Amino acid sequence: MASNPTPTGKPAGTIRRSAQVIVATTAMLTFISFWRAAAVVLNDLASSAYYAGGEAEQFIGKTAPWFILAIMVFSYAVRAVYVESCSMFVRGGVYRVVKEALGGTMAKISVSALMFDYVLTGPISGVSAGQYLAGVLNELLPYAHINHQLDANSTAAFFAILVTLYFWWQNIKGIPESSDKALRIMQLTTVMVVLLIGWCGYTLWVRGAHLPPYPTPQNMRLGKSAMGWLYGNHFAQTCTMLIVFVGLGHSVLAMSGEETLAQVYREIEYPKLPNLKKTGLVIFIYSLVFTSLVSFFAVMIIPDSVRSQFSENLIGGLAMHLVGKYPMLLAFHVFVVVVGTLILSGAVNTAIVGSNGVLNRVSEDGVLTDWFRHPHRRFGTSHRIINMVVAGQIITILASRGDVTFLANLYAFGVIWSFALKGVSVLVLRYTHPQDRDYRVPLNFTVAGKEIPLGLGMITLVLVGIAIVNLFTKPEATIAGISFTIVLFLVFEVSEYIVHRRQVGAGHVELDQFNLAQEGDLTPESVGARAGNVLVPVSTYYALYHLEAVLKRVRPTQDVVVLHVRMLRRAASGEYDLTPDQLFSTIEQLLFTKVLSMAEKEGKPVRLAVASANDLGDGILRAAVNLQSAAIVVGSSAKQSINEQAREIGLTWEHMPEPRPHVALEIFTPAGSEQIFYLGPHAPRLTPKEIDLLHKIWLRLSEKLGHEELHHHDIVHFALDELERELEMGQEQDVVDRLRKHLSYIKDHRLEGG
């Protein structure tokens, strides 16, 4: 285990004075526009459009589109609860808010239910994508003269496992979620949505339109699968209000993904609250149009006799029953599947990222031991958490055998209970902390000096009502969800007990003790380093070779600042304001113990600092700017080549606000080799061959110009002007092609040893 090692290089019995660690309490965040924030949320929320309508119809019949519409309208009210939560003194998702409102025990129960949600999000999205893929492949196989039809469920399960394993490896490597990728996926999805709506509208205009039957008790034939344990109960079968709640309970899948809004809140650019409201409005309009219309169009266009065949592949079935020639429909079906695979596969990744994030947050709160956050030897990620989450997802996929309906039934448990607990907690905080918020859910009245939060109370009541009804109408989900919640809650309880016992006996742990000093920002004064220092970011005690190289060569007149950046994962906590003891746990204590041992061995002093950021490269560069560092020294990436690593950091540097001082970036490999790059404008390092070529051209042109004064820098300036002129005259592609050939020639020449 990582919590009790004996640091190398530290003699037994040595007593070392507690070193000071500067903990920056202000997170170094990279901010995104409300459009990008909406894209991140919609990558999760819009994926439910691919399966929610079909699954709801299996339980409540052809009236399902009306309930999907009701849920999507209601989602705007639920979103208002999340907006109020984000505007409070305690910002965050379900875990953070429930803990503040209802205490640690309820918070652990809520996060247990939420983890059930996350463990199912990946499988249901992956299996749904597999169902779409199987459907289109079965359409295409006859064209390849293959007289065989794939089993939809087996193909879906196989594909879901492949996608889950792919994103498992991406998360083990630590590839971050990107708002750029999310935006591109939603742009492509929007093209598909516009085409789908337009084509469906044209189809209805040609064939005629008939709305689905209205959601009255007479039109709803709720069987045993829809009523669960309530089936056969006369009151349950005849009570209109209860029937409505049953319908909403089977449609609540369409609202999954709301928690993501709290996750991206802190990344939204200024002004935050207005932009958060814009984000919520964009999400509402998009999901209302997409998810609701898909359900309505499916019932209105796909014949009743075959629609049940497409319940797990609803948009695919819709694409094949539009007006048009078969090849056009098949081509559109393929396009729908490509887009669906992208967005549904993205939801698989979101589930792993969210699970990892929330369990890390629970660990930071002292509920889980540091064993869970033990860093990967090569990549520094919390691989044990990721492994457990992915193992649970794969077991779930195998248990479902590719059946989306089975997964959807289970999935509804975690979704609705996370919403219900969130609503109850925000309602409680209205009374315990009535003033500490910038936004309130509308419909508030004051009676005898007491606020009556009618709007928030009604939303919470509906959520709790749906959650309770689901307990009785979804037996499999209730049994599985409660069992999972109890087991995970007990794991939390036992782990928290172990953590507290270790804290009581922490005096014997063979780690250096550190004095944590809180500062708002990292500055040369707060850290105690002079301007022109060397900044050395460190992430794991397995990879400190770059620090060793710096300590061996650094001059006594130049300070060394060792920085650990705690990554703020996009997690179900949605909260980035970590306390110093959360930023500096046993893992960071071990890391800095090894750092001090290396510094003592070389006889060089180091300054220690910890900061949090949601983008590693951006966080390091912001720290370098704040500390007025002359150089940043990092280890080579296990995921990229050195040139790719330098290019990515360089692009991040270019996106930072002015002024951007010039900084040298030094990248070391474990073998000890080093490459130096310069961030920002700088004089290029010319090779001897390039200098000879420049001089040769200067001599030749000097003879032609006669007595006119010509310098080497004039040649360079003239060449750059000519290159810029070609680019501005529309010859950019020609320049790029010539440059590509030049780079290829240089690369080949190097490989030949020239």
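Let me begin by describing the structure that accompanies this report. (Residues numbered from 1 in each chain as written. Predicted model: local features only at pLDDT ≥ 70, side-chain atom pairs only at ≥ 80, totals over all residues. Heavy atoms only, no water.)

1. Some thoughts on a nonpolar patch on the surface
Counted only if it meets this: Every patch collects residues that have over 30% relative accessible area and no salt bridge, joining them within 9 Å if they carry like charges and within 5 Å if they are nonpolar side chains (Val, Leu, Ile, Met, Phe, Trp, Tyr). Each accessible area is a Shrake-Rupley result for a 1.4 Å probe, and residues are judged covered by the shown protein chains and nothing else. The salt bridge definition used is simple: a Lys or Arg side-chain nitrogen within 4 Å of an Asp or Glu carboxyl oxygen. Strands are runs of DSSP state E lasting at least two residues, helices are runs of H or I lasting at least four, and both sets are numbered from the N terminus onward.
Together, Y431, L443, F445, V447, I452, L454 and M458 make up a nonpolar patch on the protein surface, roughly 660 Å² of accessible area in all. Put simply, the parts of the chain that give the nonpolar patch at least two residues each are β2 (444–447) and α18 (454–473). The topology assignment puts M458 in helix α18.

2. Observations regarding helix α1 (residues 34–45)
Where we set the bar: By this rule, a helix spans an expected 1.5 Å times one less than how many residues it contains. For the exposure calls, accessible area comes from a 1.4 Å probe over protein chains only, and a residue counts as buried if that area is under 20% of its type's maximum, exposed if over 50%, partly exposed in between. Here a residue-residue contact requires only that any non-hydrogen atoms of the pair lie within 4.5 Å.
For α1, spanning 12 residues, the distance from its first C-alpha to its last is 16 Å, which sits close to the expected 16 Å at 1.5 Å a residue. Of all 12 residues making up α1, 10 are buried, and the element is well covered by its neighbours. What α1 keeps buried is the set F34, A37, A38, A39, V40, V41, L42, N43, D44 and L45. On its buried face, α1 is in contact with α3 (64–87), α5 (104–140), α7 (179–207), α11 (259–264), α12 (272–301) and α15 (326–364).

3. Some points on the nonpolar core
Filter applied, for reference: We call a set of buried Ala, Val, Leu, Ile, Met, Phe, Trp, Tyr and Cys residues a nonpolar core when their side-chain atoms join them within 4.5 Å.
Residues Y50, F290 and L463 are the most contacted members of the largest nonpolar core, which totals 135 residues. The residues touching F290, leaving out its near neighbours within four places in the chain, are A46, A49, Y50, T189, M192, V193 and I315. One finds V21, Y541, V560 and L583 within the second-largest nonpolar core, a separate group that totals 31 residues.

4. What about the sheet that holds strand β5 (residues 534–537)?
Test applied: Between any two strands, at least two bridges found by DSSP are needed for them to pair. Lines fitted to C-alpha atoms define the axes here, with helix axes fitted over just the stretch in contact, and angles between the N-to-C directions of these axes take values from 0 to 180 degrees.
The sheet built from 8 strands is open, its strands ordered β4-β1-β7-β6-β5-β8-β9-β10 with mixed pairing. Each of the sheet's edge strands pairs with one partner strand only, and the pair in question is β4 (514–519) and β10 (674–679). Pairwise comparison of adjacent strand axes, ignoring direction, gives a mean angle of 25° for this sheet. Sitting on the sheet, helix α25 (residues 642–654) touches β8 (631–635), β9 (663–668) and β10, and the angle it makes with β10 is about 20°.

5. Remarks on the pairing of strand β1 (residues 19–24)
Burial analysis of β1 places 5 of its 6 residues in the buried class, which makes it a mostly covered element. Bridge analysis of β1 against β4 gives 6 bridges, and the strand direction is parallel. From the neighbouring strand, A19 faces β4, where its bridge partner is F514. Note that β1 and strand β7 (residues 607–613) share 3 bridges and pair parallel. Each residue of the ladder has a partner; that of V21, found in β7, is L608.

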